[in-house]
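Tertiary structure, described
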Amino acid sequence: MVALCVLLLCTSSVNAGSSNNALEEFKEQIRVKYDLKERAFRDNDVMGLVNGFYAKHALLVEENAVVNGHDEVVKMYEELVPGAKSVKIDSKYTYLAEKGNVGYDYTTFHVNLMDGTEFDLKLLFVWEKFNGEWFCITDMYIPGKF
């Protein structure tokens, strides 16, 4: 939670961020990534999810662990994906830095498990653009929804 507050404080002092056109383009491009992630969960496609969504050096902050780098992210999703029937990602608060190569997005991440259990997470995705394509460089969550 402290990291979320620090991130908000740091970014709130950055002028107004990027232009509206750049922000809308960013939202459209990360929506494509969210669609990929939703489809990967539905289709049990761990490698498609990890390779298409996350940077190779991604650092994920989970409830009981820090997951660091491609191999650990793959291992984590090999455990999570088969148990999920579906996920739905609903973007709520999006920010794009003025230079346009880093942004973040607060989302509600709705999970429907194979056993019928459903729950929501407030999930923060931090994005960076590499060679013209957005990849998630870190994410973290707390229970609940926006």
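Residues numbered from 1 in each chain as written. Predicted model: local features only at pLDDT ≥ 70, side-chain atom pairs only at ≥ 80, totals over all residues. Heavy atoms only, no water.

1. Side note on the nonpolar core
Counting residues in hydrophobic clusters, the biggest one holds 31 residues, and the most contacted among them are Tyr54, Tyr77, Phe109, Phe125 and Trp127. Broken down by secondary-structure element, the contributors of at least two residues to this core are α2 (20–43), α3 (46–53), β1 (54–61), α4 (70–80), β3 (84–96), β4 (102–113), β5 (118–130) and β6 (133–143). Counting residues per element, this core draws most heavily on α2, which supplies 6 residues. Among the nonpolar cores identified, the runner-up in size contains 10 residues, and Tyr95, Tyr106, Ile137 and Met140 belong to it. (Core = buried A, V, L, I, M, F, W, Y, C linked by side-chain atoms within 4.5 Å. Buried < 20%, exposed > 50% of the residue type's maximum accessible area, 1.4 Å probe, protein only. Helix = DSSP H or I, 4+ residues; strand = E, 2+ residues; numbered from the N terminus.)

2. Some thoughts on the packing of α2 against α3
α3 packs onto α2 with a crossing angle of 165° between their chain directions and a minimal axis gap of 8 Å. Taken as axis vectors, α2 and α3 run roughly antiparallel relative to one another. Two packed elements cross with a definite hand, and for α2 against α3 that hand is left-handed. Contacts between α2 and α3 involve Lys33, Tyr34, Leu36, Lys37, Ala40 and Phe41 on the former and, on the latter, Gly48, Leu49, Gly52 and Phe53. Split by residue class, the contact of α2 with α3 holds 6 nonpolar, 2 polar and 2 charged. (Axes fitted to C-alpha atoms, helices over the stretch in contact; angles between N-to-C directions. Parallel < 35°, antiparallel > 145°, perpendicular 65-115°, else oblique. Left-handed = near helix turned anticlockwise from the far one by under 90°. Contact = heavy atoms within 4.5 Å. Nonpolar A, V, L, I, M, F, W, Y, C, P; charged D, E, K, R; others polar.)

3. What about the pairing of β6?
Pairing of β1 with β6 involves 4 bridges; the strand directions are parallel. Across the sheet, residue leucine 60 finds its bridge partner in β6, namely aspartate 139. Between β5 and β6, which pair antiparallel in sequence order, lie 2 residues; one of them, asparagine 131, sits at a positive phi of approximately 50°. (Pairing = 2+ DSSP bridges.)

4. Digging into the environment of lysine 129
Looking at the element boundaries, lysine 129 is found in strand β5. Distance from lysine 129 to glycine 100, taken between C-alpha atoms, is 8.2 Å for residues 29 residues apart in sequence. When near neighbours in sequence (up to four residues on either side) are disregarded, lysine 129 contacts Gln29, Asn101 and Trp134.

5. Thoughts on the side chain of glutamate 62
Within the secondary structure, glutamate 62 sits in the loop between β1 and β2 (66–68). For the buried glutamate 62, no salt bridge exists, and the shortest N-O distance to an oppositely charged side chain is 7.7 Å, to lysine 37. With residues up to four places along the chain from it excluded, the contact list for glutamate 62 reads Val67, Met76, Asp139 and Tyr141. (Lys, Arg positive; Asp, Glu negative; His and termini not counted. Salt bridge = Lys/Arg side-chain N within 4 Å of Asp/Glu carboxyl O.)

6. What about the packing of α3 against α4?
For the pair α3 and α4, interaxial distance at closest approach is 9 Å and the crossing angle is 140°. In terms of orientation, α3 lies oblique with respect to α4. Crossing of α3 against α4: the hand is right-handed. Here Val46, Met47, Leu49, Val50 and Asn51 of α3 lie close against α4, whose contacting residues are His70, Val73, Val74, Tyr77 and Glu78. For the contact of α3 with α4, the residue count by class is 7 nonpolar, 2 polar and 1 charged.

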